[in-house]
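The residues making up each chain are set out below.
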Amino acid sequence: MTKTTHAPKIGKGAKTPIKTLARLLIYAFSGYKVATAFMVIFVLMSSAATVTGASRFAPIIAELMNNGANADLNVIYGNVIFIACVYLAGALSSFAYNRIMMYIAQGTLRKMRDEMFAKMQYLPLRYFDSHTHGDLMSLYTNDIDTMRQLLSQTIPQIISSALTLVFVFSFMVYYSFTLTLLVMAIIAVMVFLIKNIGGKSAKFFLRQQVSMGKLNGYVEEMTEGQKVIKVFCHEQKAREGFRKLNDELNETSRKANAYAFILGPVTNNLSYLQYVMVAVIGFVVIVSGLGDGLLSSFCVFEGGGVAVYAGMLVSFLAFTRQFNMPVQQVSQQFNAIVMALAGAERIFAMVDTEPEDKGGEVTLTFGEYAENEWAWKKPVDNGFEYVPLKGDIRFNDVVFGYTDEKVILKNISLYAKPHQKIAFVGSTGAGKTTITNLINRFYDIQSGTITYDGLDIKSINKDDLRRSLGVVLQDTHLFTGTVMDNIRYGRLSATDEECKKAAKLANANFFIKHLPEGYNTLIKGDGANLSQGQRQLLAIARAMVSECPVLILDEATSSIDTRTEKLIEEGLAQLMYGRTVFIIAHRLSTVRNSHAIMVLDHGEIIERGNHEQLLEQKGKYYQLYTGAFELD
Amino acid sequence: MFKTLLKSVREYKMPSILCPLVMLGEAVMEILIPYFNTFIIGELENLSKPENYTVNTDVIILYSSLMVASAVFALICGVLGGKLAATASSGFARNLRQDMYDNIQTYSFANIDNYSTASLITRITTDVANVQMSYQMAIRMLVRAPVLFVSAIIMTVIIEPFMALIFASAAVLLGIVVFICMFKVGPHFRTMFKKYDNLNSVVQENLTAIRVVKSYVREDKEIEKMRSATGEVYKYSVKAEKILTFMMPCVTLTMFASNIIILITGANMSVGNISGNVNASDLQTLINYSVNILSGVMMVAMCLNFISLSKGSMERICEVLDEKSTLPNPVNPVKEVENGNIDFENVMFSYSNNAEEPVLSGIDLHISAGETFGIIGATGSGKTSLVSLIPRLYDVTEGSVKVGGVDVRNYDTDTLRNKVAMVLQKNVLFSGTVAENLRWGDENATDEELRFAAKQACADEFIEALPGGYDYDLGQGGVNVSGGQKQRLCIARAMLKKPKVIVFDDSTSAVDTKTDAQIRETLRKYAPETTKIIIAQRIASVQDADRILVLDDGVISGIGTHEQLLKSNAIYREVYETQMKGGDNDD
């Protein structure tokens, strides 16, 4: 399952660059076969136009040169018209391929974002536990960004460069094989330098990402505690800590950029040196009468002689410049390629992660078995069988740990009969939340069974299983949207009236009315403009709307003060009526009227019974109740 | 705005100025090299004429040497310029980040409330990176490109003024085209950035709320939401890039067109149809320069565009840099806190000036040094606001708050806060060991003092039981200890300051009642002089205080001992009764 281990960590290059590149190319272009074909044709045309267009300058110059004032203007005009046509065609095809590539790139990015997100939604919770939000977020921001540059700039650049190189190279060989060898030797030096400097630059850019991440983490931690810093007059210390990381970032950023910036001048000027070398060596060879040594098919064809060789050299020099241009352009993209491949590999690793399984064949129905009643639909040999949903949940010898090494729950057995209220009490880490996480199959148990109305929960379709369970979680999370949207999240088909009724029951209508636009007030940033208590009230209203037969309340009222809690008691009672309820609470007042209270300690149920029975036992619950024991 | 930002260049002024100068050197070479080349080509072309065999080797040697020298010089300039640009732009970015962070540290609570953590992070990282990019472009290109352009024009003037005119008009035309495109593309990009933010917030929300999504089986709904977000990003990206893909061929076409015009005019000139002094090799040179001229125009346009796009980033950075603390230090600050007496004199307070109702009003209160003073009230009644005024985390709107007989506004803020310790409601531990966290209270504290502070907070026993004891690593945000333990560490940290006043803002809520009582006991014993103010939800935490204040909707509802309030104060009685029924009975 953990294919994730193959993904490079931020700050590392791709592990299998070629494979990743191939996959990326297939991913991007396979959906646009026709467009890709056209794109390649247009790139080809554009490169051909540039090369052939440039080749027609020579005849014009030659005509003027040879015949001076008596030059034949018709020859010149002929060539000019040719050049104009070729250039126009070139510009049009360059426009065409850029347009096509833009659509392919943007479309691919869109597809990639959608697929990543869709994939992510179905990943098991373990995946989210083992990856920080920052890392996952950066897949959508940084990594996609590098992909954009690769697709929309680098790839067309490489295709067009490759074509130009092939064209020019064949001309060069035709003109002089020997000089081509010379050019190639210098190109080899250039490539070596590009690899070196570009490689260093890429290395430091990757490191820069790491430094940036560290700085990010520091600011995040310190800003969260900014008020503590103020209260302790720790400002100077905070600044110094920041300075250290800031200097480190400066160092990597400076090096990364320095290497990137010098790459251009180095290749550019090397190509001038190369040019001079070719010119001088060619010149010397020709003047010494050793022209044949240049192995020029062109000159052999034209009949040889110093004049022909000299003419050849002029054209050859022009080709040399044309040859260097794409080499330089591609070298500028070196960083982009390294970064993009590292990013692509991380993205693919996420996409490749095994999704959560779908669960079993049993589905949930409403009104099929009997009017207004929930029932499980179980496939049997010949057709279906209905099992009415009652909310009977049993744990038999359940063993569970988030990792195989560390067992969290040890041989837990418990049962919740329909319409019962079962409470869990115990300190942090005792396993209260874990139990509820097992009922909705956020995690799967190592051994034992959990049954729901007599059906093993593994045989129930996961979505349907979760649909039957209404949850109010410890950390309340709201979504961008109106207050009404957030309540309706519990049941999408709920009417405005039903949502308002739920809000009233949860005693949330009081504060909602005071919001600037009441139920239509926009909630932003996870409800940053609401207090923790208000958010919990909304979460309760959301659960009320959902009308699920089974409820899980995990510290649902922890941030609501005791007076307000009293006010919503009525609503909560109504919510819990006729339902099986699992309740986890810090405040014992919330759990005292449960049918059964389980006291958990280190993954074991150490006491169970109702409030009165447990008080009589004078055990841990009694200690908790009297406040002699610490609850977290 | 630029002025504010450029203040942060400081020690990087030198490379920032040198860089364009060096780039200038490179640009001049860039112009000279093709010029020298003309002679070499000219010579070779002479050689290629059948009737002309006399070879002037000296010309070849001279100009090749010049070309090599120029290339080497350009190489040196280019490498140097690149390094300078990297140093200057990275350094500028570093200073900007540091200046922002330094200024954030001067913020008061009121200032901090203005910025979310996420927004500060974006400003310090992404926004600064954008400015760094603009700056880098500005010092590398904005000088080099015009120089390239101007010197190329000069060279063409030397060859033939009329040709220069053709180039100049092509450049102007190109400039206009590029500017129109950029002008049109700007708004699309800005919209796209907004849509992009929106997309990010969908992802962010789903990451934090994944359990809610899965519990309610809303994966498909969320995927739909994401689809529309990516769709919007796609739409505006395409709109923007469409214009850009249109611009590039326009640029090349202008270049080609000017080349063709040059060719035709040049040919006619050399034939003599038009008056002008152009020969074949001049024509070659002119065409070479056309690249320099037009790419110069392009580069300038691109730079300006990028700078204008990062204007938003610049504004956001300036906001952070320009924000002045709402709590300036007094001119002649008092540097000594006499004692722990606290006086509230007719205090009115609201968080913002245009709030309709004040958070606190008509507060008159005297707390004597050494007193244990409890505060009780419903959520939103103003308890935290009241105590925040004592270490001057906020300034009163009206009236005054005095500590040790001196108005808090006359104290040096550090002095005051060192003597008025506060254990915050939303408290935070930082990554590092237990000892490192405790030493926030007093960085020079000896191990002995650490242990004593821990003992006062009833934290000594559990700390010693931790693996490594005081050297135990707490992890980010103190994730490795339980809530109650965390609160006790925070109390110990505050006690290390040996304060004259200590405020507990609901800071023992996760501690069991027995330990809670024990903490109050040790505090009485070891810090009799220190004024202890305790805000609590639990009556049990305050009922043994010397006096208890009941706050209701920002006004004092009653002050007195537990017994007095039970008799006289309805709110107090009600809270007491609900809690007794709830079971937090301490018997």
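Our structure's up above, just so we're on the same page.
Remember, predicted model here, so these are calculated numbers, not experimental data. Just so you know, the residues in each chain are numbered from 1, in the order the chain's sequence is written. By the order in which they are written, chains take letters starting at A while ligands take numbers starting at 1. This being a predicted model, a pLDDT of at least 70 is required before a residue's local features are given, and a value of 80 or more before pairs of side-chain atoms are given or counted; all residues contribute to the totals for chains, interfaces and linings.

This part takes up the overall build of chain B. Scanning chain B from N- to C-terminus turns up 20 helices and 10 strands. We take the radius of gyration over the C-alpha atoms and set the globule estimate at 2.2 Å times the residue count to the 0.38 power. Here the C-alpha radius of gyration of chain B, 37 Å, is well above what a compact globule of 587 residues would show, namely 25 Å. Once the C-alpha set of chain B is aligned to its principal axes, its extents read approximately 125 × 55 × 50 Å. Buried, partly exposed and exposed are defined by the number of other C-beta atoms within 10 Å of a residue's own C-beta, namely 20 or more, between the two limits, and 12 or fewer respectively, with C-beta atoms placed from the backbone. Across the 587 residues that make up chain B, the buried fraction comes to 47%. Runs of H or I in DSSP of at least four residues are treated as helices and runs of E of at least two as strands, each being numbered from the N terminus.

With that settled, consider the packing of helix α8 (residues 219–271) of chain B against helix α9 (residues 280–309) of chain B. All names here are of chain B. In contact at an axis separation of 10 Å, α8 and α9 are set at 155° when each is read in the N-to-C sense. Between α8 and α9, the angle is such that the two are roughly antiparallel. For the crossing formed where α8 meets α9, the hand is right-handed. Of the residues in α9, those touching α8 at Val251, Thr254, Met255, Ser258, Asn259, Ile262, Leu263, Gly266 and Ser270 are Ala280, Leu283, Leu286, Ile287, Ser290, Leu294 and Met298. Along the lines of polarity and charge, the residues of the contact of α8 with α9 split into 10 nonpolar, 6 polar and no charged. Helix axes use the C-alpha atoms of the stretch in contact, all axes being lines fitted to C-alpha atoms, and the angles between their N-to-C directions lie in the range 0 to 180 degrees. With respect to orientation, any angle under 35 degrees is reported as roughly parallel, any angle over 145 as roughly antiparallel, any angle of 65 to 115 as roughly perpendicular, and every other angle as oblique. Left-handed describes a crossing whose near helix is turned anticlockwise from the far helix through less than a right angle; right-handed describes the clockwise counterpart. Contact between residues is assigned whenever the C-beta positions, reconstructed from backbone atoms, fall within 7 Å. Residue classes follow a fixed rule: Ala, Val, Leu, Ile, Met, Phe, Trp, Tyr, Cys and Pro count as nonpolar, while Asp, Glu, Lys and Arg count as charged, and any other residue, Gly among them, counts as polar.

Summarising the element assignment, Lys432 of chain A is placed in helix α13 (residues 432–439). Filtering out sequence-adjacent residues up to four positions away, Lys432 of chain A remains in contact with Phe424, Gly426, Ile584 and Leu600 of chain A.

All names here are of chain B. Two strands are counted as paired when DSSP detects at least two bridges linking them. With 5 bridges joining them, strand β1 (residues 342–349) and strand β2 (residues 360–367) adopt antiparallel strand pairing. Looking at β2, one finds that Phe344 is bridged to Leu365. In this sheet, strand β4 (residues 398–403) lies alongside β1 in antiparallel orientation, the contact comprising 5 bridges. What sits directly across from Asp343, in β4, is Lys402.

The next point concerns the sheet that holds strand β1 (residues 363–366) of chain A. Residue and element names in this part refer to chain A. The antiparallel open sheet is built from 3 strands, whose spatial order is β1-β2-β3. Whereas interior strands pair on both sides, the edge strands pair on one side only; in this sheet they are β1 and β3 (383–388). Adjacent strand axes in the sheet meet at a mean angle of 40° when their direction is disregarded. Two strands pair when backbone bridges link them, and β1 and strand β2 (residues 374–380) are joined in this way by 4 bridges, in the antiparallel orientation. Following the sheet pairing, Thr363 is matched in β2 by Lys377.

Residue and element names in this part refer to chain A. Reading across from one edge, β5-β4-β7-β8 is the order of the 4 strands in this open sheet, with antiparallel pairing throughout. The sheet is open, and its two edges are formed by β5 (409–416) and β8 (455–456), each paired on a single side. Where strand β4 (residues 393–400) meets β5, 5 bridges bridge the pair, whose relative direction is antiparallel. If you follow Arg394 over to β5, its bridge partner there is Tyr415. Docked against the sheet, α13 engages β4, β5 and β7 (447–452), running at close to 115° with respect to β4.

Buried together is how nonpolar side chains tend to be arranged in soluble globular proteins. Think of a nonpolar core as buried Ala, Val, Leu, Ile, Met, Phe, Trp, Tyr and Cys residues, each tied to the set through C-beta atoms within 7 Å. In this structure, Leu313 and Phe316 of chain A together with Ile293, Ile390, Ala457, Ala492 and Val503 of chain B are the most contacted members of the largest nonpolar core, which totals 265 residues. Leaving out residues up to four positions away in the same chain, Val503 of chain B has contacts with Val387, Ile390, Met422, Val423 and Ile533 of chain B.

Facing the 118 residues of chain A at the interface are 123 residues of chain B. For the side of chain A that touches chain B, the leading source of residues is helix α9 (residues 235–287) of chain A, giving 25 residues. Looking at side-chain class alone, the side of chain A that touches chain B contains 61 nonpolar, 32 polar and 25 charged residues.

Residues and elements named next belong to chain B. Compared with the 20 Å implied by 1.5 Å per residue over 14 residues, the 20 Å span of helix α17 (residues 513–526) between its first and last C-alpha is a close match. Of all the residues in α17, the buried ones are Thr515, Asp516, Ile519, Arg520 and Leu523. Down the axis of α17, the buried side of the element spans an arc of 145°, and every buried residue falls inside it. Residues of α17 that are exposed and point more than 90 degrees away from the buried face comprise Glu521 and Lys525. Its buried side turned inward, α17 meets α14 (447–456), α16 (483–495), β8 (531–535) and α18 (539–542). Helices are assigned an expected span. That span is 1.5 Å times one less than the residue count. Picture the helix axis, draw a direction to every C-beta atom, and the arc is the one those directions span.

Every buried residue of helix α3 (residues 57–67) of chain A is listed here: Ile60, Ile61, Glu63, Leu64 and Met65 of chain A. Residues of α3 of chain A that are buried make contact with α4 (73–121) of chain A together with α2 (13–48), α8 and α9 of chain B.

Purely spatial values, then, with no claim about function.
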